[in-house]
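Here's the letter readout for the chains.
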Amino acid sequence: MPLVSKTLPGLFNGVSQQPSAMRLENQSDLQENAVSDIVKGISKRPGTALIKTVSIKGLDVNSFTHVFEDENDKKYLVIATGDAQEPLKVMDMDGNEYTVEYTDEVKDREYLTCSNPKSDLRAINVDGDVVFLNRNIKPQIDERYTQPGGINSALFHVKHGVANCRYEIELREAATNNLIKSAVYTTGTTAFSSLDVANKLYEALKSLETITYTDVTDWVSGDSPAATTKLGTTLTAYSQTSVPVRFIFGLYYKQKDATDWTYSKSVPVVGNNYGTTLDVMIAEDMSPDIYNIKVEVEAVHAPSGGYSGGPSRWMWGYGDWVVGIQDSTVYVKNVVEDHLTFKIKTADGYGDNALVGILGEINKFSDLPTKAVYGVVVKIGGDPESQLDDYYVHYRAMSDGKGVWEETLKPGSYTHMLTSTLPHKLIKKDATTFTFQEISWSSREVGDDYSNPFPSFIGKPIKDIFFHRNRLGFISGGNVIFSRSGDFYNLFVSTATDILDNDPIDVSLLNNIGVSLQHACTFANGLVLFAKD
């Protein structure tokens, strides 16, 4: 082959291992201690500069390192050694070391403790923080937290008052079918309103109520809860006997020159004979010079069965049943600690369309009464052949005296993941200190285990963590899990009644053999996953 003489613009395309006939003319097969640059061409590779010598306990070739920037674009190097006492070190690019604090000195250090940090740990930058993952730890459900409530309240909603119509209610024990109580009322020739019929049925059922109330108006000390109070007010709820009392306080706020109060939240407090202190605080950034706070008692419960609702009756007592009425709705509630399982039956002379009985479940949301008892939970069953349209609602009283049915979680369901087993984060506390702590992962608030399950990584180690298209992602086993869009620490849906664009994603790879995903690599237009052979 004759020699070829040709001028090359520069070897700025680097090294290629392809055969000479296939590689580009501005590539070479070997390049030592040189750097290719489109502007400078070939230049000598710069040497390594020794900035500072540091001594770190446990530092070796198996240590894990990660570089991140703060909000001022200052770079830091974080080193995880796996050491049980000093698992984490942070320094800037000048070699200056920073203090690392641990919110929980034991649990937080344990999360970083491992034999080979280089292979066992992963880190990613999220919103200015560094999220750490221990690939060996299996996330768990926090079994300390379950959704309160249960099917122990029956509602009887009189939808229509009809002339010459018979209305019937029966309550029976579920196990024995023994009759507990019945109520029958027949209207006259003149049409009755639904309120009139409801009052007659209430009168027939109220003898079931055996509860005895005791006034506890003076059992809350501090500024009068019914009056306007200032931010930072402290109330003390306590029991005058050996039996603890559970108070539910409603917190309201308004600007001083405003007339109407805005409902903020309900706060449960258990008072014992020593007294339980409640610091009234709605938001720390609310100035006492601008805002006032009002506290009302929504309900008071005794563990043995006492119940009372509404700020006008601060009562508690003993008994098995509570019977009440709200407009055209009569409610019957079993309030013993081990709720009696009972069933109900309703009938009317208007094609069973004038009176609706609700005990835990109903098919249509439109059949729910406008008013009900505080805290009652009802399952909206929908199509009996499918679980896809099932969801739960509970009744919550509003500040204006009205109420609203809100979507909620199935009673008895677990609500939280165990945060000590989930990824943690490193945050910059101040100019000299970083804090390593658990992440406040969002809890499950609606649905059930079918419509809103826990992430599939529960009980299995998470192998990698990544960020993709405004979602925090995880891989575990053969599944890929994404957080809600823009809400990186929320892995649950916000409603069980619809599918939203920002819902979390949890999908399994379709294959004929088991797959164990190990790594994820993100690109602008896609995501590449790597699995174990």
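**Student:** Can you help me understand the overall build of the protein chain in this one?
**Tutor:** Looking only at helices and strands, one finds three helices and 39 strands in the protein chain. Looking at the protein chain as a whole, 41% of its 533 residues are labelled buried. Restricting to contacts in the protein chain with at least 6 residues of sequence separation, those with at least 24 account for 57%. A total accessible area of about 28,500 Å² is found for the protein chain, and carbon and sulfur atoms account for 48% of it.

**Student:** Explain the nonpolar core to me, please; I cannot follow it from the model alone.
**Tutor:** Across soluble globular proteins, you tend to see nonpolar side chains buried next to one another. Counting residues in hydrophobic clusters, the biggest one holds 39 residues, and the most contacted among them are Leu88, Val90, Phe132, Leu426, Trp441, Leu472 and Phe474. If near-sequence neighbours (up to four positions away) are discounted, Leu426 is found in contact with Phe68, Val78, Leu88, Val90, Val100, Asp129, Val130, Phe132, Phe434, Thr435 and Phe436.

**Student:** When you look at the pairing of strand β28 (residues 377-380) in this model, what are you seeing that I'm missing?
**Tutor:** On β28, burial covers both faces: Val377 and Lys379 on one face and Val378 and Ile380 on the other are all buried. Two elements, strand β27 (residues 361-362) and β28, share two bridges in a ladder whose sense is parallel. The partner of Glu361 across the bridge, within β28, is Lys379.

**Student:** Sorry, what's going on with the sheet that holds strand β10 (residues 153-158) here?
**Tutor:** Spatial ordering of the open sheet is given by β23-β24-β10-β26, a layout of four strands whose pairing is antiparallel. The sheet is open, and its two edges are formed by β23 (321-326) and β26 (355-358), each paired on a single side. This sheet shows a mean twist of 15° between the axes of neighbouring strands, independent of strand direction. Summarising the sheet, β23 and strand β24 (residues 329-334) pair through six bridges and their orientation is antiparallel. Across the sheet, residue Ile325 finds its bridge partner in β24, namely Val330.

**Student:** Just checking my understanding: could you explain the sheet that holds strand β25 (residues 342-348) for this structure?
**Tutor:** In sheet architecture, strand pairing relies on hydrogen bonds along the backbone and comes in two forms, parallel and antiparallel. An order of β12-β11-β25 is seen for the three strands of this open sheet, with the pairing classed as antiparallel. One side of each edge strand has no neighbouring strand; the edge strands of this open sheet are β12 (179-186) and β25. Adjacent strand axes in the sheet meet at a mean angle of 10°, parallel and antiparallel pairs treated alike. The pairing of strand β11 (residues 166-173) with β25 spans seven bridges and is classified as antiparallel. Directly across from Tyr167, in β25, lies its bridge partner Asp348. The strands touched by helix α3 (residues 194-205) within the sheet are β11 and β12, with β12 carrying the most contacts at an inclination of about 145°.

**Student:** Would you explain unusual backbone geometry in this entry?
**Tutor:** In this structure, Asn164 is a non-glycine residue whose phi angle is positive, near 55°. By relative accessible area, which is 55% here, Asn164 ends up exposed. Look at Asp352: it is not a glycine, yet its phi comes out positive at around 60°. Here Asp352 shows up in the loop between β25 and β26. With relative accessibility at 46%, the residue Asp352 sits in the partly exposed group.

**Student:** I keep staring at the environment of Gly526 and nothing clicks. Help me out?
**Tutor:** By secondary structure assignment, the location of Gly526 is in strand β39 (residues 526-531). On the accessibility criterion, Gly526 (21% relative accessible area) is partly exposed. Separated by 58 residues in the primary sequence, Gly526 and His468 place their C-alpha atoms 8.7 Å from one another. Excluding residues within four positions of it along the chain, Gly526 makes contact with His468, Arg469 and Cys521.

**Student:** Would you explain α3 in this entry?
**Tutor:** Helical periodicity: at 3.6 residues per turn, an α-helix aligns residues three or four positions apart in one direction. With 12 residues, α3 extends 17 Å from end C-alpha to end C-alpha; this agrees with the ideal 16 Å at 1.5 Å per step. Taken residue by residue, α3 has Ser194, Val197, Ala198, Leu201, Tyr202 and Leu205 as its buried positions. Burial along α3 is one-sided: seen end-on, the buried residues are contained in an arc of 140°. The inward-facing, buried residues of α3 abut β10, β11, β12, β23, β24 and β26.

Conventions used here
Residues numbered from 1 in each chain as written. Predicted model: local features only at pLDDT ≥ 70, side-chain atom pairs only at ≥ 80, totals over all residues. Heavy atoms only, no water. Helix = DSSP H or I, 4+ residues; strand = E, 2+ residues; numbered from the N terminus. Buried < 20%, exposed > 50% of the residue type's maximum accessible area, 1.4 Å probe, protein only. Contact = heavy atoms within 4.5 Å. Areas by Shrake-Rupley, 256 points an atom, 1.4 Å probe, with all protein chains shown as cover. Core = buried A, V, L, I, M, F, W, Y, C linked by side-chain atoms within 4.5 Å. Pairing = 2+ DSSP bridges. Axes fitted to C-alpha atoms, helices over the stretch in contact; angles between N-to-C directions. Expected span 1.5 Å × (residues − 1). Arc of directions from axis to C-beta.

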